[in-house]
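Understanding the architecture of this molecule
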Amino acid sequence: RAPPYRRDGLGSHTMQQLEEGVLDVLRRYAEDAKEANPAPSRTNAAQTAKDALDNDPGNLDRIAELAECYAAVGQWRQCRNVLWRGRHRLQEIPKLEDRFNFGLLLCEACYFTGNPYDALTILTELGDPDSLK
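These numbers were taken from a predicted model, which means no experiment stands behind them. (Residues numbered from 1 in each chain as written. Predicted model: local features only at pLDDT ≥ 70, side-chain atom pairs only at ≥ 80, totals over all residues. Heavy atoms only, no water.)

If you look at soluble globular proteins, the nonpolar side chains tend to sit buried side by side. Formed by 27 residues in total, the largest nonpolar core has its most connected members in I63, L66, C79, V82, L83, F102 and L105. Of all the elements in the fold, those that place two or more residues in this core are α2 (44-55), α3 (60-72), α4 (76-84), α5 (96-112) and α6 (116-126). Among the elements that make up this core, the one with the highest residue count is α3 (eight residues). Leaving out residues up to four positions away in the same chain, C79 has contacts with A67, Y70, A71, L105 and A109. (Core = buried A, V, L, I, M, F, W, Y, C linked by side-chain atoms within 4.5 Å. Buried < 20%, exposed > 50% of the residue type's maximum accessible area, 1.4 Å probe, protein only. Helix = DSSP H or I, 4+ residues; strand = E, 2+ residues; numbered from the N terminus. Contact = heavy atoms within 4.5 Å.)

Right, let's talk about the packing of α3 against α4 for a bit. With their axes 8 Å apart at the nearest point, α3 and α4 run at an angle of 170 degrees to one another. Classified by the angle their axes make, α3 and α4 are roughly antiparallel. Contacts between α3 and α4 involve I63, A64, L66, A67, Y70 and A71 on the former and, on the latter, W76, Q78, C79, V82 and L83. Grouping the constituent residues of the contact of α3 with α4 by class yields 10 nonpolar, one polar and no charged. (Axes fitted to C-alpha atoms, helices over the stretch in contact; angles between N-to-C directions. Parallel < 35°, antiparallel > 145°, perpendicular 65-115°, else oblique. Nonpolar A, V, L, I, M, F, W, Y, C, P; charged D, E, K, R; others polar.)

In structure tokens, the structure reads:
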């Protein structure tokens, strides 16, 4: 019995040529690839924001500040973890714009960490900004 990917009627010779072509492309990419520079564990701005958050752990402004520092350098897991602390306290943020920025950054962090359903849930919880004015 033929493997599932060969049910399209292509013969084994054609599949072998396709596979070799794909492998050639991958080899070229691998040969041209450069080693990535390691990302810093924490930027100076993030360290400053973390120190401020350590002094006032429940402050939503400090949580958002640290999360934005992590997001700026693509450290989405850390960003999500920090924002998750304030997830159920969104209504405590007085300015609607700040509340939505906090929530949308959390949605973005959830999405980039492979949690699209969490992102959708948070987006749904945020609701329509026009209805909250």
